[in-house]
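# Chain and residue survey
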Amino acid sequence: MTRRLTGFQPTGNLHLGNLIGAMRPLVAAQDRPSIAMIADLHSLTMEHDPARVRDNTLTVATVLLAAGVDPGRTAIIAQSQIPEHTELHYLLECATGYGEAARMIQFKEKSQGNTSVRLSLLTYPVLMAADILVHDTGQVPVGDDQSQHLELARTIATRFNARYGKTFTVPEGIRPESASRIMDLADPSRKMSKSSPSAAGRIGLLDPPETIRKVIARAVTDTAGVVRHDRDNQPGVTNLLEILRACSDREPGEFTSYGALKREVTEAVEAVLTPVRARYAELSEDPSHVRKILAEGKAWVQPRAAETVRRAREAIGLLN
Ligand code: AQP
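By convention here, each chain's residues receive numbers from 1 onward along its written sequence. Only residues with pLDDT of at least 70 are given local features in this predicted model, and only at 80 or more are side-chain atom pairs given and counted; all residues enter the totals for whole chains, interfaces and linings. Neither water nor hydrogens contribute to the side-chain values; these are computed over all heavy atoms in the structure.

As recorded by an unreviewed UniProt entry, the protein chain carries the name Tryptophan--tRNA ligase and is attributed to Paractinoplanes ovalisporus. Turning to the protein chain, the UniProt annotation filed under Catalytic activity (unreviewed entry) states: "tRNA(Trp) + L-tryptophan + ATP = L-tryptophyl-tRNA(Trp) + AMP + diphosphate + H(+)". Checking UniProt for the protein chain, the heading Subunit (unreviewed entry) contains the comment "Homodimer." UniProt positions are given in the numbering used here, feature names are shortened, and annotations may be inferred rather than shown by experiment.

Here it is in structure tokens:
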């Protein structure tokens, strides 16, 4: 059956968007072989605090478990602990043009106005291609911001196969439903994001209930005064309706005021996050358990990754 890979950067501030858009679909698809990869190497492409990357890596693994990812069915791995990712990265760089990497929109956006751009930011999409190809991944859930990178991964795989012989599975992107894109509560034109400097628009998965209540109470709405699902004209209200739908698993009813809508959203979000928080607290009591899960995930997927690298080395002309 087609293998699926979902990545999470350990950049802190995991939010409701990560849960609804990525963790829940991962849990829902656990009848298929899946890998949840914590992309710690990717988080080194921008200014970073070493201790935080390490802590955040364990936090993401713990939150994945708390959200219901079953390590018996989904391998949870830390990217850097499987050196085959970086070995394949180099081989793929030898099949990628400089121009291909430099024209990635995310590279342009993240490097713009930045005086010290890391070389790894340029080559990030090639590492992402290695992450996907090394595990013979058939499906990658991608949002709009990653679709160009997935296209590059497909191009590199296809080119490598054509030039050096069939080596890689060419992956397909699968689109999350548009409804699963959760927007920032303070600025609903942007997606809810870990790296947004302001926490005003973010519902943190581990935030206390009171903080979440306040963030929802202050969510930007509009002056229309009616609760309608209208993404173009009422993006804030529509986002709240989408959150409600995702958290209560039913179509929202009628609301007479924005206050009433926000109260119901708060309750629904709390109902979803309370068990995640409780499970997270339990798991945090024994950090060695989470490290063991990562070690088991590594042991599970590494033989296949090593075999892919062996094939790629052979094909490109290296001694095995
Ligand atoms: N707002 C969102 N709504 C739905 N899904 C989302 N995801 C991210 N934001 C939303 C999904 O969460 C997974 C992990 O994302 P990531 O760690 O790769 O980071 P990202 O996609 O770059 O978005 P973030 O979490 O907001 O981080 P920053 O701010 O660092 O860019 C992915 O499957 C993603 O689609």
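### Some points on the overall build of the protein chain
Helix and strand definitions here come from DSSP, where helices need a minimum of 4 consecutive H or I residues and strands a minimum of 2 consecutive E residues; each element is numbered from the N-terminal end. When helices and strands are counted, the protein chain shows 11 helices and five strands. Here the radius of gyration uses the C-alpha set of atoms, whereas the globule reference equals 2.2 Å times the residue count to the power 0.38. For a compact globule of 320 residues, the expected C-alpha radius of gyration is about 20 Å, and the protein chain comes in at 21 Å, within 12% of that figure. C-alpha extents for the protein chain along the principal axes are approximately 70 × 45 × 40 Å. Only protein chains enter the accessibility calculation, which uses a 1.4 Å probe; a residue whose area is less than 20% of its type maximum is buried, one above 50% is exposed, and one in between is partly exposed. Here the protein chain holds 320 residues, and 49% of them are scored as buried. If you take every contact in the protein chain between residues at least 6 apart in sequence, the share linking residues at least 24 apart comes to 73%. In this tally Asp and Glu are treated as negative and Lys and Arg as positive; neither His nor the chain ends contributes. By convention, the point assigned to a charge is CZ for Arg, NZ for Lys, CD for Glu and CG for Asp. In the protein chain, 39 positive and 38 negative side-chain charges are present, and the distance between their average locations comes to 2 Å. For this analysis, residues touch if any pair of their heavy atoms sits within 4.5 Å.

### Things to note about the site of the ligand
A single heavy atom is enough: if one lies within 4 Å of a molecule or strand, its residue is considered near that molecule or strand. Inspection of the region around the ligand gives 18 residues, with I182, K191, S193, K194 and S195 positioned closest. Pairing of N or O atoms within 3.5 Å defines a polar contact, subject to two protein rules: one partner must be a possible hydrogen donor and the other a possible acceptor, and residues neighboring in sequence count only if both atoms are side-chain atoms. In this structure, a nitrogen atom belonging to the ligand sits 2.7 Å away from a main-chain N or O atom of I182. K194 is positioned with one of its side-chain polar atoms (N or O) 2.6 Å from an oxygen atom of the ligand. Protein chains bury 90% of the 630 Å² of accessible surface belonging to the ligand in isolation. Broken down by secondary-structure element, the contributors of at least two residues to the shell around the ligand are β1 (4-8) and α1 (16-28). Examining the composition of the shell around the ligand, we find that four residues originate from one element, α1, more than from any other. Each accessible area is a Shrake-Rupley result for a 1.4 Å probe, and residues are judged covered by the shown protein chains and nothing else.

### Here's the deal with the packing of aromatic side chains
Under the pairing criterion, centres of Phe, Tyr and Trp rings, with the six-membered ring standing for Trp, must be within 6.5 Å; the plane angle then separates stacked pairs below 30 degrees from edge-to-face pairs above 60, leaving the rest tilted. For the coordinates displayed, the defined rule picks out two aromatic pairs. By way of ring pairs, the aromatic residues F160, Y164 and F168 are connected into one cluster.

### Details of the pairing of strand β3 (residues 74-78)
When you tally the buried positions in β3, you get five out of five residues, the bulk of the element. The handedness of a crossover follows from its direction of travel: if, with the strands pointing away from the viewer, the path from the first strand over the helix to the second runs clockwise, the crossover is right-handed. Following the chain from strand β2 (residues 34-38) across helix α2 (residues 50-66) to the adjacent parallel β3, one finds a crossover that is right-handed.

### With respect to the UniProt feature "short sequence motif: 'HIGH' region" (unreviewed entry) in the protein chain
UniProt's feature table lists "short sequence motif: 'HIGH' region" (unreviewed entry) at residues 10-18, given in the numbering used throughout. Span residues 10-18 is 33% helix and 0% strand, its end C-alpha atoms 12 Å apart.

### Here's the deal with helix α11 (residues 287-316)
Here α11 spans 41 Å end to end across 30 residues, near enough to the 44 Å set by a 1.5 Å rise per residue. Taking the largest bend as the criterion, α11 deviates by roughly 40°, centred on Q302, and proline P303 comes between one and four positions later. Considering only its buried residues, α11 is in contact with β2, α2, β3, α3 (84-93), α6 (119-134) and α7 (144-164). A helix is expected to span 1.5 Å multiplied by its residue count minus one. Axes are fitted to the seven residues ending at a residue and to the seven starting at it; the angle between these axes is taken as the bend at that residue.

### Details of unusual backbone geometry
Unusually for a residue other than glycine, N13 sits at a positive phi of about 55°. With respect to the element layout, N13 can be found in the loop between β1 and α1. The backbone of D136 sits at a positive phi, close to 55°, despite the residue not being glycine. Along the chain, D136 turns up in the loop between α6 and β4 (139-141).

### Here we look at the side chain of N56
As for its placement among the helices and strands, N56 is situated in helix α2. A distance of 3.2 Å separates a polar atom in the side chain of N56 from the backbone oxygen of P10. Once residues within four sequence positions are removed from consideration, N56 is found in contact with P10, T11 and G12.

### What about the nonpolar core?
L16, L64, I76, L185, I203, V269 and L273 are the most contacted members of the largest nonpolar core, which has 50 residues in total. Secondary structure elements with two or more residues in this core: α1, β2, α2, α8 (209-217), α9 (235-248), α10 (258-284) and α11. In terms of residue count, the dominant contributor to this core is α10 (11 residues). For V269, the contacting residues outside a window of four places in its chain are L16, I203, I212, I216, I243 and C247. Joining through side-chain atoms within 4.5 Å is the link that ties buried Ala, Val, Leu, Ile, Met, Phe, Trp, Tyr and Cys residues into a set, and such a set is a nonpolar core. One finds L122, M128, I132 and A305 within the second-largest nonpolar core, a separate group that totals 38 residues.

### Considerations on the side chain of Q79
The residue Q79 is located in the loop between β3 and α3 in this model. Judged by its relative accessible area of 0%, Q79 is buried. Apart from residues lying up to four places away in sequence, Q79 is in contact with M37, I38, A39, D40, L41, H42, H85, L127 and D131.

### Re the environment of R175
Inspection of the secondary structure puts R175 in the loop between β5 (172-174) and α8. Placed 112 residues apart in sequence, R175 and V63 show a C-alpha to C-alpha distance of 23 Å. If sequence neighbours within four positions are ignored, R175 has contacts with V142, G143, D144 and S147.

### Points about the confidence of the model for the protein chain
The score called pLDDT rates the predictor's confidence residue by residue, from a low of 0 to a high of 100. The predicted model of the protein chain averages 95 in pLDDT, with 99% of residues at 70 or higher. Scored as a complex, the prediction yields pTM 0.95 and ipTM 0.95.

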